[in-house]
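Letter by letter, the chains look like this.
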Amino acid sequence: MPSLLPERWPERWRQHLALDRRRSVHTVRAYVATAERLLAFLEEHHGRSADAAMLGAIEQADLRAFLTRRRMDGIGNLSAARELSAVRGFLKFVGGDEARVPQLKGPRVKRGLPRPVSPDEAVALAEDIAETAREGWIGARDWAVLLLLYGAGLRIGEAMGLKGDILPLGDTLRVTGKRNKMRIVPLLPQVRQAIETYIDQCPHPVSRDESLFRGARGGPLSPALIRRAVQGARGRLGLSDRTTPHALRHSFATHLLGRGADLRSLQELLGHASLSSTQIYTQVDAAHLLDIYRNAHPRA
């Protein structure tokens with residue numbers, strides 16, 4: 001990468017994200033825009049053209065100054081945290097494995113609505129974890145796992161319990177839940193693509209009777225690794241301690257309920273044994289609406 005002209009870096013970054021990491025069009029566009037903004041800022045900040053040496057010697061103070069400029073542009077805390085995550089990924093890409101990327105904690109996101117995890121926060125969390133993974137296939141794996149929790153409402157244990165016999169994927173997924181209860185959940189195209197991308201990149205062959213999600217050495221993936229990755233990402237993004245893998249499942253349920261899903265359908269999707277377990281989401285949704293009212297209504 002250092003042999004390329006600096007103006008070519010964003011385009012190579014675009015190709016890497018789209019082809020190697022298979023990120024969404026929205027993510028690629030946002031991350032490339034961040035890289036272009038960073039290069040333009042560094043040239044202005046240092047008074048000379050950006051080159052490999054400049055990026056290799058970048059300091060925390062440079063990143064703070066860049067984020068300050070972006071805050072002056074009007075972005076909020078969550079956007080600033082995502083911007084910092086994209087910068088880290090770009091610097092690592094340009095510098096390779098030897099890149100010295102400064103560690104800088106992102107701004108804390110003020111959570112006026114502590115539940116559920118918002119769609120933007122869920123995506124930011126998954127993107128941060130995928131981009132900071134030490135290997136590309138591990139990032140693809142973690143991205144797929146988190147999308148299953150948020151996009152299909154799986155428990156983390158259910159995701160870890162999936163085996164190679166679910167392949168090839170279709171429009172639905174058969175899941176084994178608590179007490180070995182089977183259920184069928186719809187598989188969104190984005191979730192299906194994430195799993196297929198992980199399978200394509202995984203260096204360990206997956207047979208029908210083996211775990212779908214594998215650890216770095218090829219064994220079954222431990223849920224603790226996903227929880228640890230989520231903990232690190234929420235710290236970098238400034239998200240609440242309530243942002244856990246299980247919170248993504250809660251958000252899946254709450255967002256469906258808010259968009260008109262009935263309790264019986266939600267019960268089936270979540271794999272609850274009784275309707276009373278699902279009814280808690282009506283209370284969560286009511287609390288969510290009350291939070292919105294209190295924060296938005298001038299006489300609240």
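To be clear, the structure that these remarks concern was listed above.
Below: a short report on this structure. (Residues numbered from 1 in each chain as written. Predicted model: local features only at pLDDT ≥ 70, side-chain atom pairs only at ≥ 80, totals over all residues. Heavy atoms only, no water.)

**Observations regarding the overall build of the protein**
Thought 1: Per the secondary structure count, the protein includes 13 helices and 2 strands.
Thought 2: Expressed as a percentage of its 300 residues, the buried residues of the protein come to 47%.
Thought 3: Contacts spanning at least 24 positions in sequence make up 64% of the contacts within the protein whose residues lie at least 6 apart.
Thought 4: Counting every atom, the protein has about 15,100 Å² of accessible surface; 51% of that belongs to carbon and sulfur. (Helix = DSSP H or I, 4+ residues; strand = E, 2+ residues; numbered from the N terminus. Buried < 20%, exposed > 50% of the residue type's maximum accessible area, 1.4 Å probe, protein only. Contact = heavy atoms within 4.5 Å. Areas by Shrake-Rupley, 256 points an atom, 1.4 Å probe, with all protein chains shown as cover.)

**Some words on the nonpolar core**
The nonpolar side chains of a soluble globular protein tend to be buried with one another.
Thought 1: Counting residues in hydrophobic clusters, the biggest one holds 49 residues, and the most contacted among them are Leu148, Leu154, Leu173 and Phe213.
Thought 2: For this core, the secondary-structure elements that each account for two or more residues are helix H5 (77–95), helix H6 (119–132), helix H7 (136–152), helix H8 (156–160), strand E1 (172–176), helix H9 (189–201), helix H10 (223–237) and helix H11 (245–258).
Thought 3: Aside from chain neighbours lying at most four places away, what touches phenylalanine 213 is Arg141, Ala144, Val145, Leu148, Ala159, Met160, Leu162, Tyr198, Gly219, Pro220 and Leu221. (Core = buried A, V, L, I, M, F, W, Y, C linked by side-chain atoms within 4.5 Å.)

**Here's the deal with the pairing of E1**
Thought 1: Burial along E1 is one-sided: the face carrying Leu173 and Val175 is buried and the face carrying Thr172, Arg174 and Thr176 is not.
Thought 2: Examined bridge by bridge, E1 and strand E2 (residues 182–186) share 5 bridges and lie antiparallel to one another. The residue bridging leucine 173 from the neighbouring strand is valine 185, located in E2. (Pairing = 2+ DSSP bridges.)

**Here we look at the environment of glycine 161**
Thought 1: Tracing the chain through its elements places glycine 161 in the loop between H8 and E1.
Thought 2: The sequence separation of glycine 161 and glutamate 210 amounts to 49 residues, and the corresponding C-alpha distance is 9.4 Å.

**Brief notes about H6**
Thought 1: A rise of 1.5 Å per residue sets the reference length of H6, with its 14 residues, at 20 Å; its end C-alpha atoms lie 20 Å apart and thus fit the reference within 8%.
Thought 2: Counting buried positions over the 14 residues of H6 gives 10, a clear majority of the element.
Thought 3: Taken residue by residue, H6 has Glu121, Ala122, Ala124, Leu125, Ala126, Glu127, Asp128, Ile129, Ala130 and Glu131 as its buried positions. (Expected span 1.5 Å × (residues − 1).)

**Some words on the side chain of arginine 192**
Thought 1: Structurally, arginine 192 is set in helix H9.
Thought 2: At 3.2 Å, the side chain of arginine 192 and the backbone oxygen of glycine 170 are in polar contact.
Thought 3: Within the local environment of arginine 192, its side chain forms a polar contact with the backbone oxygen of leucine 187, the two atoms lying 3.5 Å apart.
Thought 4: Excluding anything up to four places from it in sequence, arginine 192 contacts Leu169, Gly170, Asp171 and Leu187. (Polar contact = N/O pair within 3.5 Å; in protein donor to acceptor, adjacent residues only side chain to side chain.)

**Focus on the side chain of glutamate 131**
Thought 1: Note that glutamate 131 resides in helix H6.
Thought 2: When neighbours within four sequence positions are excluded, glutamate 131 is seen to be in contact with Trp13, Leu17, Arg21, Arg23 and Tyr31.

**Quick look at the packing of helix H1 (residues 9–20) against helix H2 (residues 25–46)**
Thought 1: The interhelical angle for the contact between H1 and H2, taken along N-to-C directions, is 155°, at an axis separation of 9 Å. As far as their axial angle goes, H2 and H1 are roughly antiparallel. Judged by the sense of rotation from one axis to the other, the crossing of H1 with H2 is right-handed. Every residue of H2 that contacts H1 at Trp9, Pro10, Trp13, Arg14, Leu17 and Ala18 is listed here: Val28, Tyr31, Val32, Ala35, Glu36 and Leu39. (Axes fitted to C-alpha atoms, helices over the stretch in contact; angles between N-to-C directions. Parallel < 35°, antiparallel > 145°, perpendicular 65-115°, else oblique. Left-handed = near helix turned anticlockwise from the far one by under 90°.)

**Quick notes on the packing of aromatic side chains**
Thought 1: Across all of its chains, the model carries 6 aromatic pairs by this definition.
Thought 2: Through a chain of ring-to-ring contacts, the aromatic side chains of Trp13, Tyr31, Phe90 and Phe93 assemble into a single cluster. (Phe/Tyr/Trp six-rings, centres within 6.5 Å; stacked < 30°, edge-to-face > 60°.)

**Considering the packing of H2 against H5**
Thought 1: Interaxial distance between H2 and H5 falls to 9 Å at its minimum, and their mutual angle equals 80°. With respect to H5, the axis of H2 lies roughly perpendicular. On the side of H2, the interface is formed by Tyr31, Thr34, Ala35, Arg37, Leu38 and Leu39, while H5 contributes Glu83, Ser85, Ala86, Val87, Phe90 and Leu91.
Thought 2: Of the residues belonging to the contact of H2 with H5, the class tally is 8 nonpolar, 2 polar and 2 charged. (Nonpolar A, V, L, I, M, F, W, Y, C, P; charged D, E, K, R; others polar.)

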